[in-house]
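Chain by chain, the residues run as shown.
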Amino acid sequence: MEELKKGTIEALLHEERRFPPGEAFRAQAHWNDKGIYDKAGSDLESFWAEMSESIDWFTPWEKVLEGEAPSFQWFVGGKTNVCYNCVDRHLNTWRKNKAAIIWEGEKIHDRRVLTYQDLYRNVNRCAVALKRLGIEKGDRVTIYMGMIPELVIAMLACARIGAPHTVVFGGFSPDALRDRMNDCQAKMLITADGAWRRGNRVPLKENADEALKGCPSIKKVLVVNHAADARDVEMEGYRDVWWHREMDRSGNEVVEPEPLDSEHPLYILYTSGTTGKPKGLLHTTGGYLVGTHTTTKYVFDLKDNDTYWCAADIGWVTGHSYIVYGPLSNGATSVMYEGAPNQPHKGRFWQIIERNQINILYTAPTAIRAFMAWGKEFPEKFDLSSLRLLGTVGEPINPEAWIWYRKYIGYDETPIVDTWWQTETGMTLITPLPGITETKPGSATFPFPGIEADVVDEEGVSVPHGKGGYLVLKKPWPAMARTIWGDDQRWQKVYWDKFPGYYLTGDSARRDEDGYFWILGRVDDVLNVAGHRIGTMEVESALVSHPDVAEAAVIGISHEIKGQAIAAFAVLVSGKEGSKALIETLRKHVAEKIGAIARPDRLFLTHELPKTRSGKIMRRLLRDIAEGRILSDTSTLADSDVLEQIKEQYEEGEK
Ligand code: PRX
């Protein structure tokens, strides 16, 4: 495994560098005693039982954990409501008028602050509207929006009435949106007339209209007026209604939060896997709330007077857990930014931090590498001294980026929490605890208390420290996904079959001599492009859906900023001539089919693909060619001339 070797060498160079928590930080941290690991490790259920006390339950649970792989239930018999915990319960405290959400629009003067009271009022008005429009407990509601407060309001309103939401990232295409709505048979779509991105309006409503041509289950579309003149927006007769009208109509009416079983579905979130069809991971109520609440508080050492900013998009799990549910259930002030980091200038993030006196920043390595490439002069223009903790998530962070982040953003003082987790895990699982852990740049360090992670070989046996292998989780945790929506079999097959009883993460990792975990990357056909998870099969299917393409293979290649970039090899149908224009057309075609995040960075037209004698595409060899490496074992290749041809074409394309 070439990636394993590369990661190992890089890690070895850096594992000597250590950053202990500063004394001042340690002294005031929620957790500063290593004993918490033993406490949680020795009695997992008591540990989570204690953590669950921070949540308000309508009916107390009877049992912490029940079931066995692959279906666990947490806080069995308990009834609660996630929206109640994120909103209502703060109103009886001094937090009533505390800022819950500080929103910065992409346009520099667009700024809104919603207190917990504001949030309460708006969430209720939205919940009333949802009910009036026919949504009942259990109905699925798709939300396709940019990063605006209405997105959070809509999610919380769904949670309030027990209608599972499924948020679709605003950068996805109409096809991707349609597939996701159909998969979960959503009854309603909540969208906006546009979103601002790099100064342009993303045509969300137009995309939604296109998607809705094939979605018979959707009965109503609620449209937020945000980025267009409402008079210019085409509204479809009986189906489409304006958000602001419906909110007005709700007046001051309230809906009592529905007491929901711990295992009631909270949301479905689609993510890429190794087949062309994205998986709808199902997260439920009680365990997810306890898991995200606990990790937000202890991993970010969140205090009541902190201003906290997770710069992810709510279209991904990071935004669900660490912009919305974790922070709001803690009564935090959560900052939300609509736009791109370089809009209208490359110092925009730092300006947001200075302006709001942000204390905690959580972002992705890709963003940090882009900031590095733009230069330290941008952060240097702003006062970032309010920051006391930094976090990263989504992909391995190279030690250089880690050091840069700490030096220029954290003024060589702030702890950095490199948090490893997944859509499936719901909450962060391998992470430093900032008041306890001595960090090493590039390592996500240790499993969170109560989490049992291991690195195993093909047989599921723990490998010695220093060796790479499959990253697995040996014990359940409360925020884990419960299944793939509508496909329990796939849930079992993808995550639990390889090593019975263990959850297979799909990542490889190694532990160093001190037991630190170093995540090395995916071991399956899933790419991580700029922190976005994309399946190679999805891109391949998009390519072959073009009439000129007979066959395609997609691989990930190293990219300085994005971590990985997409390289595609396409074979044209016979008689079709290749051209630069066709290459562009095909790249664009993928963007239209899936979304701009999946557009191949490089696309090569070839006469054939390297295959084994049994017809399997040898992606490994394509990776060797693309990375300019000496070709690895070619003995199983059916026709070795193919490689020479592809190599030539590749090198030609490089010029
Ligand atoms: O490969 C790991 C990588 O991102 C994958 C999960 O992607 P997704 O479900 O989209 O969730 C991303 C946000 C939680 C993982 O299988 N990954 C995530 N965090 C890290 C990481 N790789 C290395 N270090 C991390 N901190």
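For the structure itself, look to the data block above.
Just so you know, these numbers come straight off a predicted model, no measurement behind them.

Trainee: What is the right way to look at the overall build of the protein in this model?
Mentor: Helix and strand counts for the protein come out as 21 helices and 30 strands. On C-alpha atoms alone, the protein measures out to a radius of gyration of 24 Å, which is about the 26 Å that the 2.2 N^0.38 rule sets for 655 residues. If you line up the protein on its principal axes, its C-alpha atoms span 75 × 60 × 55 Å. Looking at the protein as a whole, 61% of its 655 residues are labelled buried.

Trainee: For this particular structure, what's the right way to read the site of the ligand?
Mentor: Close contacts around the ligand come from 17 residues, with Asp418, Thr419, Thr423, Arg522 and Arg533 the closest. Between the ligand and the protein, one listed contact pairs a nitrogen atom with a backbone N or O atom of Thr419 at 2.7 Å. Starting from 540 Å² of accessible surface for the ligand in isolation, the protein chains cover 96%. Those elements that provide at least two residues to the shell around the ligand are α12 (317-329), β20 (416-419) and β25 (517-522). A per-class count over the shell around the ligand returns six nonpolar, six polar and five charged.

Trainee: What is the right way to read the sheet that holds strand β24 (residues 503-511) from this model?
Mentor: Strand pairing in a sheet relies on backbone hydrogen bonds, with the paired strands running either antiparallel or parallel. With respect to topology, four strands assemble into an open sheet ordered β21-β22-β24-β25, the strand pairing being antiparallel. With partners counted over all chains shown, the strands left at the sheet margins are β21 (453-456) and β25, one partner each. Averaged over all pairs of adjacent strands, the angle between their axes in this sheet comes to 45 degrees, without regard to strand direction. Alignment of β21 against strand β22 (residues 468-473), held across four bridges, turns out to be antiparallel. Along β22, the bridge assignment pairs Val456 with Tyr470.

Trainee: What is the right way to read the environment of Gly426 from this model?
Mentor: Summarising the element assignment, Gly426 is placed in the loop between β20 and β21. Residue classification places Gly426 among the buried positions, given a relative accessible area of 0%.

Trainee: In this structure, what is going on with the packing of helix α7 (residues 149-161) against α12? I would like to understand it.
Mentor: Pairs of packed helices are described in terms of their axes, by the angle between the two and the distance that separates them. Where α7 meets α12, the axes come as close as 12 Å, and the angle between the chain directions of the two elements is 60 degrees. Classified by the angle between their axes, α7 and α12 sit oblique to one another. Pair α7 / α12 crosses with right-handed handedness. Together, Val152, Met155, Leu156 and Ala159 of α7 and His320, Val324, Tyr325 and Leu328 of α12 make up the contact between the two elements. Each residue belonging to the contact of α7 with α12 can be placed in one class, and the counts come to seven nonpolar, one polar and no charged.

Trainee: Honestly, the side chain of Arg587 in this entry has me stumped. Any pointers?
Mentor: For Arg587, the position within the fold is in helix α19 (residues 580-593). A distance of 2.7 Å separates a polar side-chain atom of Arg587 from the backbone oxygen of Pro600. Those residues in contact with Arg587, other than ones at most four positions away along the chain, are Arg599, Pro600, Asp601 and Leu603.

Trainee: Please clarify how the sheet that holds strand β18 (residues 360-363) should be interpreted in this entry.
Mentor: Spatially, β5-β4-β17-β16-β18-β19-β20 is the arrangement adopted by the seven strands of the open sheet, whose pairing is mixed. Looking at strand neighbours, the two that pair on one side only are β5 (111-115) and β20, the edges of this open sheet. Across this sheet, the average inter-strand angle for adjacent strands is 20 degrees, counted without regard to direction. The pairing of strand β19 (residues 389-393) with β20 spans four bridges and is parallel. Its bridge partner lying in β20, Val393 is registered against Thr419. Against the sheet, α7 engages β4 (99-104), β5 and β17 (333-337), with an angle of about 30 degrees to β5.

Trainee: Hey, could you run me through the layout of surface pockets in this one?
Mentor: Vacant regions in the atomic arrangement are exposed by a probe of water-molecule size rolled over the atoms. Counted as a void, the second largest pocket has a volume near 600 Å³. In terms of lining, the second largest pocket is formed by 22 residues, of which the most central are Ser579, Ile583, Leu603, Phe604 and Leu605. If you list the elements that add at least two residues to the lining of the second largest pocket, you get β29 (563-572), α19, β30 (602-606) and α21 (641-654). No other element matches β30, which puts five residues into the lining of the second largest pocket.

Trainee: In this structure, what is going on with unusual backbone geometry? I would like to understand it.
Mentor: Phi is mostly negative for residues that are not glycine, and the peptide bonds are mostly trans. Cis geometry is adopted by the peptide bond preceding Pro70, which originates at Ala69 and carries an omega value of 5 degrees. Relative to the assigned elements, Pro70 resides in the loop between β1 (63-68) and β2 (71-76). The peptide bond linking Gln343 to Pro344 adopts the cis configuration, its omega dihedral lying at 0 degrees. In this structure, Pro344 sits in the loop between β17 and α13 (348-356). In this structure, Asp412 takes a positive phi of about 60 degrees despite not being glycine. Within the secondary structure layout, Asp412 lies in the loop between α16 (399-409) and β20.

Trainee: Help me understand empty space enclosed by the protein, please; the structure alone is not making it clear to me.
Mentor: Under the defined criterion, the tally for this structure stands at three cavities of 30 Å³ or more. Of the voids in this model, the largest cavity is the one considered here, and its volume is about 40 Å³. For the largest cavity, the full set of lining residues is Phe172, Arg180, Tyr270, Thr271, Ser272, Trp316 and Arg533. Split by residue class, the lining of the largest cavity holds three nonpolar, two polar and two charged.

Trainee: What am I meant to see in a negative patch on the surface here?
Mentor: Residues Glu608, Asp639, Asp641, Glu644, Glu648 and Glu651 make up a contiguous surface patch of negative charge. Relative to the helices and strands, Glu644 is located in helix α21. Glu644 gets classed as partly exposed once you look at its relative accessible area, which sits at 43%.

Trainee: I keep staring at α13 and nothing clicks. Help me out?
Mentor: The buried fraction of α13 amounts to seven of the nine residues, a majority that puts the element mostly inside the structure. Along α13, the residues classified as buried are Arg348, Phe349, Trp350, Gln351, Ile352, Ile353 and Asn356. Looking one or two places after α13, you find Gln357, whose phi comes out positive at around 50 degrees.

Trainee: So what exactly am I meant to see when it comes to the nonpolar core here?
Mentor: Soluble globular proteins: nonpolar side chains tend toward being buried together. Within the largest apolar cluster, 163 residues are counted, with the highest numbers of intra-cluster contacts made by Trp48, Leu119, Leu130, Leu156, Ile190 and Tyr325. Ranked by residue count, the leading element in this core is α7, at ten residues. With near-sequence residues (within four places) excluded, Leu130 lies in contact with Ile135, Ala157, Cys158, Ile161, Met188, Ile190 and Leu222. Counting 27 residues, the second largest nonpolar core, distinct from the first, contains Trp350, Leu384, Ile397 and Trp404.

Trainee: I keep staring at the packing of aromatic side chains and nothing clicks. Help me out?
Mentor: Note on aromatic pairs: each is described by the distance of the centres and the angle between the planes. With the rule as written, the count across this model stands at 38 aromatic pairs. An angle of 65 degrees between the planes, with centres 5.7 Å apart, marks the rings of Phe371 and Trp374 as edge-to-face. Remark: Trp374 and Phe371 occur in helix α14 (residues 365-374); sequence separation between them is three residues, near one turn of the helix. Positioned over the ring face of Trp103 is Arg112, at 5.7 Å from the centre of the ring. In this arrangement the basic side chain of Arg180 is found over the ring face of Phe172, its NZ or CZ atom lying 4.3 Å from the centre.

Criteria and thresholds
- Residues numbered from 1 in each chain as written.
- Predicted model: local features only at pLDDT ≥ 70, side-chain atom pairs only at ≥ 80, totals over all residues.
- Heavy atoms only, no water.
- Helix = DSSP H or I, 4+ residues; strand = E, 2+ residues; numbered from the N terminus.
- Rg over C-alpha atoms; globule rule 2.2 N^0.38 Å.
- Buried < 20%, exposed > 50% of the residue type's maximum accessible area, 1.4 Å probe, protein only.
- Near = heavy atom within 4 Å.
- Polar contact = N/O pair within 3.5 Å; in protein donor to acceptor, adjacent residues only side chain to side chain.
- Areas by Shrake-Rupley, 256 points an atom, 1.4 Å probe, with all protein chains shown as cover.
- Nonpolar A, V, L, I, M, F, W, Y, C, P; charged D, E, K, R; others polar.
- Pairing = 2+ DSSP bridges.
- Axes fitted to C-alpha atoms, helices over the stretch in contact; angles between N-to-C directions.
- Parallel < 35°, antiparallel > 145°, perpendicular 65-115°, else oblique.
- Left-handed = near helix turned anticlockwise from the far one by under 90°.
- Contact = heavy atoms within 4.5 Å.
- 1 Å grid on protein atoms, 1.4 Å probe; cavity = no way out; pocket = protein on both sides within 12 Å on 5 of 7 lines; lining within 4 Å.
- Points joined across faces, edges and corners; volume = space filled by probe spheres on them.
- Patch = residues over 30% accessible without salt bridge, like charges linked within 9 Å, V, L, I, M, F, W, Y side chains within 5 Å.
- Salt bridge = Lys/Arg side-chain N within 4 Å of Asp/Glu carboxyl O.
- Lys, Arg positive; Asp, Glu negative; His and termini not counted.
- Charge placed at Lys NZ, Arg CZ, Asp CG, Glu CD.
- Core = buried A, V, L, I, M, F, W, Y, C linked by side-chain atoms within 4.5 Å.
- Phe/Tyr/Trp six-rings, centres within 6.5 Å; stacked < 30°, edge-to-face > 60°.
- Lys NZ or Arg CZ within 6 Å of the ring centre and 35° of its normal.

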